[in-house]
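Next come the chains, spelled out residue by residue.
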Amino acid sequence: MKRQGCCGGRSVSPVAAGRRRPTAPAALRGGERPAPAIKPSAPLASPAKPEDAPAASPAAPPPAAGERRGPPLTPPQAEAWRRAAAAWREGQSTVLLHGVTGSGKTAVYGRAVAETLALGRQAIILVPDISLTSQIAAFFTAHFGAAVAVVHSGLKPGEKLAVWEKCLRGELQIVVGARSAVFAPFPRLGLIVLDEEHDGAYKQDENPKYHARDVARRRLPRGLIILGSATPSLEAYAAAARRQIARVALPVRYNKNPMPQIIVADMKHELAAGNKSVFSAPLRDGLTDLLARKEQAILFLNRRGYATFVLCRECGHVVSCPRCDVALTFHQKSDALRCHYCGHRETPVKTCPVCGSAYIRYFGQGTQKVEEAVREIWPEARLLRLDRDTAAARGPEEIIARFRRREADILIGTQMLAKGLDFPNVTLVGVVAADQMLNMPDFRARERAFQLFTQVAGRAGRGRRPGTVILQTYAPEDRTVLYAADYNYELFARDELAYRNERRYPPFAHVLRLMVFQTDEAKAVKAAVILAALLERELAAYPALRLLGPAPAVLTRLKNEYRWQIILQGRDPAELRRAAHKGVAAFYRDSAAGGVRLSLDVDPL
C-alpha cells in the first residue's frame, strides 16, 4: 500500500500508518527462508558500563548450575536453566527464555531465584498485568514463604512505602509485581525476570517514560536478567540473533502434551453459506461438544462493549465522543454509549442527532454481544466475562479464581486472557474476530496479532486433555494467520524483520515521536508544521536521520486536545535525542509554541 504524503510531501508517520501484506500460499507454512541481515543498532538498552551501575547493586557472581534448589525441574527445564546459568558465567547478563506456552518457564524462574537467594542476593519478578500477580505470587510464596512481597498499582502509597522499607531493611528477598516493581530498592539485587517480556504493558507512556526492560539492564549490568516469552518481541529476538543476548529454548510443554491444534475458520465461506452468526460452524460445534463433556472454553475478542459504533443509515452520521475523535461504544448492561478513552457517557440515541432519522443501527461486536450470543444458543452454559468493565467491578483476580474453580463453563474476554493464565480444564479456545487485530494502523500490528493468537491459543490443552483452537477470520490466507496456525514463530519473525529492515523500523532503527497537543485544531496544525520545519533544519547536521510528518495522530482528538505527530528515524538514539532537543528548543522560541504541549517518546509502543 502506498503511503500518502502530507505537509509538503512528507510521509505519513510509521506509527500511524498500517499496511496490508501480500498473502502467502499454504506452502509457506513450513520450510526455511534466508533470514534478513540483522545489523541494526541495539534495540535493547545497551549494557551499562560498570561505572554506570548503582552503588547499591554490586555484580552477583554466577550461580552453580548443578545445585538443586527451588521447584523440581523436568529434564528440558533443567537443561534450559543449565544453559542460562552457563551464559551468565560467561558474562552474558541477559538471557531470552523462549519457551512454548505451557513449557513451565515459571519453574525455571523459581530455580533462578533459589540460586540467587543462596548467594545472598535478591530478586524481582515482573509480570505485565495486575491480574497475573496473584497467580505467580502464589507460586513463589509456596516455595519461598514470607520472603515474597507483591507490588502493583492497586497498592496505596503507604502500603507500597512499607514494602520498599522492608526491602531496604533486608526483611524481603523477592518482589513480584507489575512494571513499577522494577524499582524495588534491593541493596544486593542479583536477578530480574520479565515474564511475558513481549507485552506492551512494560512500557510506560506517561512521564517519566521508560521501558521496564531498559531499567532492568541499567540496574543489573552484570547480574542476570531473564526475558521469558513464548512469542518474544522482535527486539529481543533480533538481539539474540546478533548474540547481544543469549537465547535458551524450551520447545516442549512440561507435561509433554502436544500444542493445541489451530483450525482456521474462513468467515467468508460461512457468510456465503448463510451463517450470519458470531460463531462459525466449527466453533459452534466445538462449544456444543465441550459443554456435553463438562469441559471449559475461552472465547477471545479484543474489544469490550456490545456494539462498536452506532450509525444513522439515512445520512451516515456516526455517534462520536464530543471530546475525542472516536465513535462511542454501546454497552448494553449499563444501557449507555461510552468513550473508552475519556470516559464520556451518553444515553443511547433513538433518532439521528443530525437528520432526525429513526433508522439507527448498532454495528460491530464486543464482548457483551458475544456473551449475549452464547446465552441465546446455549442457555444452560455458565458464563463469566473478563474485560475492563467487569474487572473494574469485581476485580480480575476474583473472575479468574472463579473460572479456575470451574464455576463457569465459558470465559469470554479481551487480551487479559492471553497473559500466562493456567486453566487445566480448558480444551477449546475461540478467537472470535482475528481481523480486528490484523488491520490496526500501526507497523507493529502484525507482531501483536501473532503474539495474541499464539498466547491465547496456549490457554488450551494444558491439562490431561488435548486442546483445540478455532481462529475465525475473513483473511485465512494472510501470512500472520498461517504462521500462527503452525506456531511458526521463526518464519514469522524472519518475514516481519525483512519488512522492518526495508523500511527502517525498529529493531533496525529507532523511532522518536514528537506529539503536539493543542485544544485549537488550527493552532495544533500550525505548531506541528513549524516544529517539523525547525527539526528538518537541524537534520542538516545529522544526514543519517529521517523525518516523517507532520501528520494527524491515529486518534486526532483525545480528551478535547488535537494531536499531531512528527517522527524522527535513525540508528543512533543519541543523535535522535540531540536533533529533537535542538529543534524543540528553537520551537519554544517561536510564538507558535504558545499554549502547545509537547511529548517526546523514543520507540513508542
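Residues numbered from 1 in each chain as written. Predicted model: local features only at pLDDT ≥ 70, side-chain atom pairs only at ≥ 80, totals over all residues. Heavy atoms only, no water.

1. Quick notes on unusual backbone geometry
Cis peptide bonds are those with omega within 30 degrees of zero, and the linkage from Pro506 to Pro507 qualifies with 10°. Its location among the elements puts Pro507 in the loop between helix 15 (489-503) and strand 23 (510-518). The omega angle of the peptide bond from Gly549 to Pro550 is 5°, so this bond is cis rather than trans. By secondary structure assignment, the location of Pro550 is in strand 24 (residues 546-558). (Helix = DSSP H or I, 4+ residues; strand = E, 2+ residues; numbered from the N terminus.)

2. Regarding the sheet that holds strand 16 (residues 336-338)
If you trace the three strands from one edge of the open sheet to the other, you get 15-16-17, paired in antiparallel fashion. Edge strands, defined here as strands with exactly one partner in the open sheet, are strand 15 (329-331) and strand 17 (345-346). Where strand 16 meets strand 17, two bridges bridge the pair, whose relative direction is antiparallel. The partner of Arg338 across the bridge, within strand 17, is Arg345. (Pairing = 2+ DSSP bridges.)

3. Some words on the side chain of Asp266
Relative to the helices and strands, Asp266 is located in strand 12 (residues 261-266). For Asp266, a relative accessible area of 15% corresponds to the buried category. Within polar-contact distance, the side chain of Asp266 engages the backbone nitrogen of Lys268 at 2.9 Å. Apart from the residues lying within four places of it in its own chain, the contact partners of Asp266 are Thr473 and Pro476. (Buried < 20%, exposed > 50% of the residue type's maximum accessible area, 1.4 Å probe, protein only. Polar contact = N/O pair within 3.5 Å; in protein donor to acceptor, adjacent residues only side chain to side chain. Contact = heavy atoms within 4.5 Å.)

4. Section: the pattern of salt bridges
For side chains bearing opposite charge, pairing can occur when the charged atoms are close. Tallied over the full model, the rule gives 25 salt bridges. Across the pair Glu235 and Arg444 runs a salt bridge, and its minimum N-O distance is 3.4 Å. Residue Glu235 is located in helix 6 (residues 234-241), and its partner Arg444 is located in the loop between helix 12 (435-438) and helix 13 (445-457); the two are separated by 209 residues in the primary sequence. Judged by its relative accessible area of 5%, Arg444 is buried. A salt bridge links Glu561 to Arg597, with the nearest nitrogen and oxygen atoms 2.6 Å apart. Within this pair, whereas Glu561 is found in strand 25 (residues 561-570), its partner Arg597 is found in strand 26 (residues 597-602), the two being separated by 36 residues in sequence. With relative accessibility at 42%, the residue Arg597 sits in the partly exposed group. Through salt bridges with shared partners, a single ionic network connects Glu371, Arg375, Arg385 and Asp387. (Salt bridge = Lys/Arg side-chain N within 4 Å of Asp/Glu carboxyl O.)

5. Here we look at the environment of Ile125
Tracing the backbone through its elements, the reader meets Ile125 in strand 4 (residues 122-126). For Ile125, a relative accessible area of 0% translates into the label buried. A C-alpha to C-alpha distance of 10.0 Å links Ile125 and Ile225, two positions 100 residues apart in sequence.

6. Quick look at the packing of aromatic side chains
Per the counting criterion, the structure on display carries 12 aromatic pairs. With a centroid separation of 4.4 Å and 5° between ring planes, the pair formed by Phe450 and Phe492 is classed as stacked. Of the two residues, Phe450 is situated in helix 13 and Phe492 in helix 15; the sequence distance between them amounts to 42 residues. Each member of the aromatic cluster is reached from another via a ring pair, and the members are Tyr237, Phe450, Tyr483, Tyr489 and Phe492. The ring of Phe517 has Arg597 lying over it, and the distance from NZ or CZ to the ring centre is 4.0 Å. (Phe/Tyr/Trp six-rings, centres within 6.5 Å; stacked < 30°, edge-to-face > 60°. Lys NZ or Arg CZ within 6 Å of the ring centre and 35° of its normal.)

7. Concerning the nonpolar core
In terms of nonpolar packing, the biggest core is built from 44 residues, with Ile298, Leu386, Phe403, Leu411, Phe423, Val431 and Phe453 touching the most fellow members. Tallying contributions element by element places helix 13 first for this core, with six residues. When residues no more than four places from it in sequence are discounted, the contact partners of Phe423 are Ile298, Ile400, Phe403, Arg404, Leu411, Arg459 and Arg462. Core analysis: the next-biggest nonpolar cluster, separate from the first, contains 32 residues, Trp81, Ala137, Val148 and Leu250 among them. (Core = buried A, V, L, I, M, F, W, Y, C linked by side-chain atoms within 4.5 Å.)

8. Some words on the pairing of strand 13 (residues 296-300)
Among the five residues of strand 13, five are classified as buried, and the element is accordingly described as predominantly covered. Along strand 13, one buried face is formed by Gln296, Ile298 and Phe300 and the opposite face, lined by Ala297 and Leu299, is buried too. When strand 13 meets strand 21 (residues 426-431), the two strands line up parallel, connected through five bridges. Its bridge partner being in strand 21, Ala297 is matched across the sheet by Leu428.

9. Some remarks on the confidence of the model for the chain
Should the pLDDT be low somewhere, the predicted coordinates at that spot are not to be read in detail. The predicted model of the chain has a mean per-residue pLDDT of 84, with 86% of residues at 70 or higher. Low pLDDT, under 50, characterises residues 1-68; the predicted model gives this stretch 179 contacts beyond four residues in sequence or across chains. (pLDDT = per-residue confidence, 0-100.)

10. With respect to the sheet that holds strand 20 (residues 410-413)
Spatial strand order, 12-22-21-13-20-19: six strands in an open sheet with parallel pairing. Of all strands in the sheet, those bounded by a partner on one side alone are strand 12 and strand 19 (383-386). If you compare each strand with its neighbour and ignore which way they point, the axes differ by 20° on average. Here strand 21 runs beside strand 22 (residues 468-473); their pairing, made up of four bridges, is parallel. What sits directly across from Leu428, in strand 22, is Thr468. The strands that helix 8 (residues 281-293) touches are strand 13, strand 20, strand 21 and strand 22; relative to strand 21, the one it contacts most, it runs at about 155°. The strands touched by helix 11 (residues 396-404) are strand 13, strand 19, strand 20 and strand 21; relative to strand 19, the strand with the most contacts, the crossing angle is about 145°. (Axes fitted to C-alpha atoms, helices over the stretch in contact; angles between N-to-C directions.)

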